[in-house]
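Below, each chain spelled out in residue letters.
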Amino acid sequence: MKKETRFGEYGGQYVPETLMPALEDLKKAFYKSLKDKKFNKEYETLLRDFVGRPTPLTFAKGLSKKLGCKIYLKREDLAHTGAHKINNALGQALLAKHMGKNRLIAETGAGQHGTATAIAAAKLGMECDVYMGEVDIERQKPNVYRMQLAGANVIPVSSGSRTLKDAINECLRDWTASCENTHYLLGSVLGPHPYPTMVAHFQSMIGKEAKKQILKAEGRLPKAIIACVGGGSNAIGIFKAFVPDKKVELIGVEAGGKGIETGKHAARFSDPELGRKGVLHGTMTYVLQDKFGQIYNTHSISAGLDYSAIGPEHSMLRDLKRASYSYATDKEALQAFKILSEEEGIIPALESSHAVAFTLKYAKKYKPKDIVIVNISGRGDKDLDIVIKELG
Amino acid sequence: MSRFQKRFAELKEKGEAGFVPFVVLGDPDEETSLEIIKTLIQSGADALELGFAFSDPIADGKTVQEADQRALASGMNTDKCLELIKRVRQFNEDIPISLLLYYNLIYQKGIEKFYKEAKEAGVDAILAADCPVEETDPLLEAANKTEIDQVFIVSPTTTKKRLEKILKKCSGYVYIVSVLGVTGARASLQKRSIELIKMVRPFSKLPLCIGFGISKPKHVKNVIEAGADGAIVGSAIINIIKKNIGNKEAMLSEIKELALELKKATR
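Residues numbered from 1 in each chain as written. Chains lettered and ligands numbered in written order. Predicted model: local features only at pLDDT ≥ 70, side-chain atom pairs only at ≥ 80, totals over all residues. Heavy atoms only, no water.

### Section: the overall build of chain B
Alright, step 1. In terms of helices and strands, chain B carries twelve helices and nine strands.
Alright, step 2. Taking 267 residues into account, the globule formula puts the C-alpha radius of gyration at 18 Å, and chain B, at 17 Å, falls close to it.
Alright, step 3. Seen along its three principal axes, the alpha-carbon backbone of chain B occupies a region of about 45 × 40 × 35 Å.
Alright, step 4. Each of the 267 residues in chain B was classed as buried or not, and the buried ones make up 63%.
Alright, step 5. Nonlocal contacts in chain B, meaning residues at least 24 apart in sequence, comprise 73% of its contacts between residues at least 6 apart.
Alright, step 6. Entry remark: accessible area of chain B is about 10,400 Å², with carbon and sulfur atoms responsible for 49%.
Alright, step 7. Charge separation in chain B, taken as the distance between the mean sites of 39 positive and 37 negative side-chain charges, equals 5 Å. (Helix = DSSP H or I, 4+ residues; strand = E, 2+ residues; numbered from the N terminus. Rg over C-alpha atoms; globule rule 2.2 N^0.38 Å. Buried < 20%, exposed > 50% of the residue type's maximum accessible area, 1.4 Å probe, protein only. Contact = heavy atoms within 4.5 Å. Areas by Shrake-Rupley, 256 points an atom, 1.4 Å probe, with all protein chains shown as cover. Lys, Arg positive; Asp, Glu negative; His and termini not counted. Charge placed at Lys NZ, Arg CZ, Asp CG, Glu CD.)

### Describing the interface of chain B and chain A
When the parts come together, some accessible area is lost, and that loss is often what is quoted as the size of the interface.
Alright, step 1. Contact with chain B, which involves 35 residues of that partner, is made by 34 residues of chain A.
Alright, step 2. In this assembly, chain B packs against chain A so that about 2,900 Å² is buried in total across both faces, 52% of it on carbon and sulfur atoms.
Alright, step 3. Looking at the side of chain B facing chain A, the largest losses of area belong to Asp56, Ile58 and Glu135 of chain B, adding up to 21% of the total buried there.
Alright, step 4. Across the contact surface, chain B and chain A share four salt bridges.
Alright, step 5. Lysine 165 of chain A serves as the salt-bridge partner of aspartate 56 of chain B, at 2.9 Å between the closest nitrogen and oxygen.
Alright, step 6. In this structure, the connection of chain B to chain A is made through 22 residue pairs in polar contact (both at pLDDT 80 or more).
Alright, step 7. With five residues, helix H5 (residues 103–109) of chain B is the largest single contributor of residues to the side of chain B that touches chain A.
Alright, step 8. For the side of chain B that touches chain A, the per-class residue count stands at 17 nonpolar, ten polar and eight charged. (Buried area = accessible area lost by both parts, 1.4 Å probe. Salt bridge = Lys/Arg side-chain N within 4 Å of Asp/Glu carboxyl O. Polar contact = N/O pair within 3.5 Å; in protein donor to acceptor, adjacent residues only side chain to side chain. Nonpolar A, V, L, I, M, F, W, Y, C, P; charged D, E, K, R; others polar.)

### A word on the confidence of the model for chain B
Alright, step 1. With 100% of its residues at a pLDDT of at least 70, chain B reaches an overall mean of 96.
Alright, step 2. Prediction confidence for the complex, expressed as pTM and ipTM, is 0.96 and 0.96 respectively. (pLDDT = per-residue confidence, 0-100.)

### Here's the deal with the pairing of strand S5 (residues 103–108) of chain A
Residues and elements named next belong to chain A.
Alright, step 1. The buried fraction of S5 amounts to six of the six residues, a majority that puts the element mostly inside the structure.
Alright, step 2. Burial along S5 is two-sided: Arg103, Ile105 and Glu107 and Leu104, Ala106 and Thr108, pointing in opposite directions, are all buried.
Alright, step 3. Here S5 runs beside strand S6 (residues 127–133); their pairing, made up of six bridges, is parallel. Among the inter-strand pairings, arginine 103 is bridged to a residue of S6, identified as glutamate 127.
Alright, step 4. Tracing the backbone out of S5, into helix H5 (residues 112–124) and back to the parallel element S6 gives a crossover that is right-handed. (Pairing = 2+ DSSP bridges. Right-handed = clockwise from strand over helix to strand, strands pointing away.)

### Here's the deal with the sheet that holds strand S7 (residues 153–157) of chain A
All names here are of chain A.
Alright, step 1. On the basis of which strands lie adjacent, the open sheet formed by four strands has the order S7-S6-S5-S8 and parallel pairing. Lying at the two open borders of the sheet, with one neighbouring strand each, are S7 and strand S8 (182–184). Neighbour to neighbour, the strand axes of the sheet diverge by 25° on average, direction disregarded. (Axes fitted to C-alpha atoms, helices over the stretch in contact; angles between N-to-C directions.)

### A word on the pairing of strand S10 (residues 249–257) of chain A
Across a regular strand the side chains alternate sides, sitting on one face of the sheet and then on the other.
Residues and elements named next belong to chain A.
Alright, step 1. The buried fraction of S10 is high, at eight of nine residues.
Alright, step 2. Sheet topology note: the strand S9 (residues 224–228)/S10 ladder contains five bridges and is parallel. Paired with isoleucine 225 across the strands is leucine 250, a residue of S10.
Alright, step 3. Handedness of the S9-helix H11 (residues 233–239)-S10 crossover: right-handed.
Alright, step 4. Direction of pairing for S10 relative to strand S13 (residues 323–329): parallel, over a ladder of seven bridges. Among the inter-strand pairings, glycine 257 is bridged to a residue of S13, identified as threonine 329.

### With respect to the state of the cysteines
Alright, step 1. Considering all chains together, one arrives at zero disulfides over all chains under this definition.
Alright, step 2. Summary of cysteine pairing: cysteine 69 of chain A is not part of a disulfide, and the nearest cysteine sulfur, belonging to cysteine 228 of chain A, is at 19 Å.
Alright, step 3. In this structure cysteine 209 of chain B is not part of a disulfide, and its nearest cysteine sulfur, from cysteine 170 of chain B, lies 10 Å away. (Disulfide = S-S within 2.5 Å.)

### Comments concerning the packing of aromatic side chains
All names here are of chain A.
Alright, step 1. Evaluation of the coordinates by the stated rule reveals 21 aromatic pairs over all chains.
Alright, step 2. Consider the rings of tyrosine 10 and tyrosine 286, whose centres lie 6.1 Å apart with planes at 45°: the pair is tilted. With a gap of 276 residues between them, tyrosine 10 in strand S2 (residues 10–11) and tyrosine 286 in strand S12 (residues 283–288) connect regions that are remote in the sequence. Taken individually, tyrosine 10 and tyrosine 286 each receive the classification buried, so the pair is uniform in this respect.
Alright, step 3. Clustering of aromatic rings is evident, with ring pairs tying together Phe30, Tyr31, Phe39, Tyr43 and Phe202.
Alright, step 4. Positioned over the ring face of tyrosine 286 is arginine 318, at 5.3 Å from the centre of the ring.
Alright, step 5. Seen from the ring of tyrosine 327, lysine 361 lies directly overhead, with NZ or CZ sitting 5.6 Å from the centre. (Phe/Tyr/Trp six-rings, centres within 6.5 Å; stacked < 30°, edge-to-face > 60°. Lys NZ or Arg CZ within 6 Å of the ring centre and 35° of its normal.)

### Quick word on the nonpolar core
Alright, step 1. One finds Phe239 of chain A together with Phe52, Ile85, Leu99, Tyr115, Ile126 and Tyr175 of chain B to be the most contacted residues of the largest nonpolar core, which totals 194 residues.
Alright, step 2. If near-sequence neighbours (up to four positions away) are discounted, phenylalanine 239 of chain A is found in contact with Ile225, Ala227, Leu250, Ile251, Gly252, His314, Leu317, Ala323 and Tyr325 of chain A.
Alright, step 3. In this structure, Ile346, Phe358, Val372 and Val374 of chain A belong to the second largest nonpolar core, which totals 29 residues. (Core = buried A, V, L, I, M, F, W, Y, C linked by side-chain atoms within 4.5 Å.)

### Here we look at empty space enclosed by the protein
Alright, step 1. On inspection of all chains with the given rule, the structure shows ten cavities of 30 Å³ or more.
Alright, step 2. Computed from the structure, the largest cavity encloses a volume of approximately 320 Å³.
Alright, step 3. What lines the largest cavity is a set of 31 residues, and nearest its centre among them are His84, Lys85, Ala110, Gly304 and Glu351 of chain A.
Alright, step 4. At the level of secondary structure, the elements contributing two or more residues to the lining of the largest cavity comprise S5, H5, helix H8 (164–178), H11 and helix H14 (350–362) of chain A.
Alright, step 5. Of the residues belonging to the lining of the largest cavity, the class tally is eight nonpolar, 18 polar and five charged.
Alright, step 6. In this structure, the second largest cavity encloses a volume near 140 Å³.
Alright, step 7. Along the wall of the second largest cavity there are 19 residues; nearest its centre are Tyr175, Thr183, Phe212, Gly234 and Ser235 of chain B. (1 Å grid on protein atoms, 1.4 Å probe; cavity = no way out; pocket = protein on both sides within 12 Å on 5 of 7 lines; lining within 4 Å. Points joined across faces, edges and corners; volume = space filled by probe spheres on them.)

### Structural notes on the sheet that holds strand S8 (residues 208–211) of chain B
Residue and element names in this part refer to chain B.
Alright, step 1. Pairing within the open sheet is parallel, and its nine strands lie in the order S5-S4-S3-S2-S1-S9-S8-S7-S6. Either end of the sheet is taken by a strand with one partner, and the two such strands are strand S5 (149–150) and strand S6 (152–154).
Alright, step 2. One ladder, built from four bridges, connects strand S7 (residues 174–177) with S8; its direction is parallel. Residue pairing in the sheet places isoleucine 176 in a bridge with isoleucine 210 of S8.
Alright, step 3. Contacts between helix H6 (residues 111–121) and the sheet are confined to strand S3 (97–101), strand S4 (125–128) and S5, with S4 contributing the most and set at about 140° to the helix.

Following this line, the structure appears as structure tokens:
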């Protein structure tokens, strides 16, 4: 794995001096862990026995018929805690433990990463504080209870937009004061190096499994991989194994919110006016911001996609034209949520529903033999309140 | 000779250390902010550290965050900050002015353009709070061209190896962060602050200014005795602003009182 701090011109380490030695230690520990057989065995055992990996790749019969091509679903919703977030949370928690740090802090938007971190802390016997925006606490209540059940302390964040962005601010502030005994368990492919590289690594089994599974089921590679993109960890997780297979189209789906033209969205790549290169939370990437660089408050029906910046590796993949990015609106995501539930008996998270929504629009261009894999990054139980309110 | 060099040389001659107040430009609004800065200068400020409000100030505690929010709500932006500095310069030619801000604000204007406009406005030094020595080369290039000092932070976690790297690139003064954590007034001074000053002192001829958590005359006295050349006080002043929103007279008179006391502690 390359040790550079950047993905092309993106990435880097834009953090206060106080955090630099902690990042340096983390980087060293992470690269060391890659070669540490005992560490990897422990991690793999946890993934198998605790998370329930590998997660299945399910042929979506109803959807395939509807769209006229072969749709497969990568079932991260079946991972323990109900989303892919647990993969990374366990990896980093284990790493922190090996580094002798016994307290974990995490930000959370939808609550999936917070829950995953709380569960990892419970499993490994560590302390855990989760920062969560007040807006998100309100819209993702069940996850708040889950975190508390697992013994984590959920700290409401009342500053700024009171969502994910501000929860990350609070984590960075906490970590600045506590880095000597605390690990900041960042939940997406964001933040300063080594986070984007490390989180991608701890999610890369998604794509590795999917590749093996599709080759077993169909004997050939898919035409396209489709995944939703907030920070972009589930997308990088499934993309990575397919990046060298140039013929496989990689598509990330951002949150189109109420529509790009309204400015109420979280589509960093689809809005050229607000989405420009900049620095947020330690990394150079595409960021929604005003002319002067003040960070723009995003909107999405799904808390997990409601974030102003996209992981730096995505910015590079887009520049290289190795991946392309589109969006689905709140409305489209809600419809997709319903359709997948009805057609397949799978209730997707509102985040993953964006990937499904885009697939519904896009897959019609494929021939009956073409294979498309959609990453169902999480399950939708946590979103029922919102969906009931929106769809009645 | 830069304004910072000149001012710290003068102070040394007098056997004093520098009192460096920090406020956010445009907090709570442009006009009041100007009057606050004038009051600070008249009450003994030896140099100014001025913040540009940012939506996501990760190195700052609640006090400065709220100041940023007030300034942004009053309509401040990068251009208006630079305009306000020009007005400060019209009021006082000699006081050294340093900026403390976040990288994205510099980057969005264009790094070279930002430094050029800052120089024209009368800025002497720039510190980007979220830009460690590893990422500073583009800033240093612009700083050299415009003869602006690039200031760096040394913190309690900084290793000797990092300290060497930082001191190679730092000019103007060294900003020593006195606590492990973000900005904000604190009741007592950490023992570590004193140790940190003593650790850095032999390695640098630059003035050492210490900030974060310095809020009382007693703190100022202690850090100066340990070898610091200047004390930066932010949150304690900003707390006065917050407390007196809507009552400018009381705000300015309380700020004056605190500033005079803090300056006295540097003598």
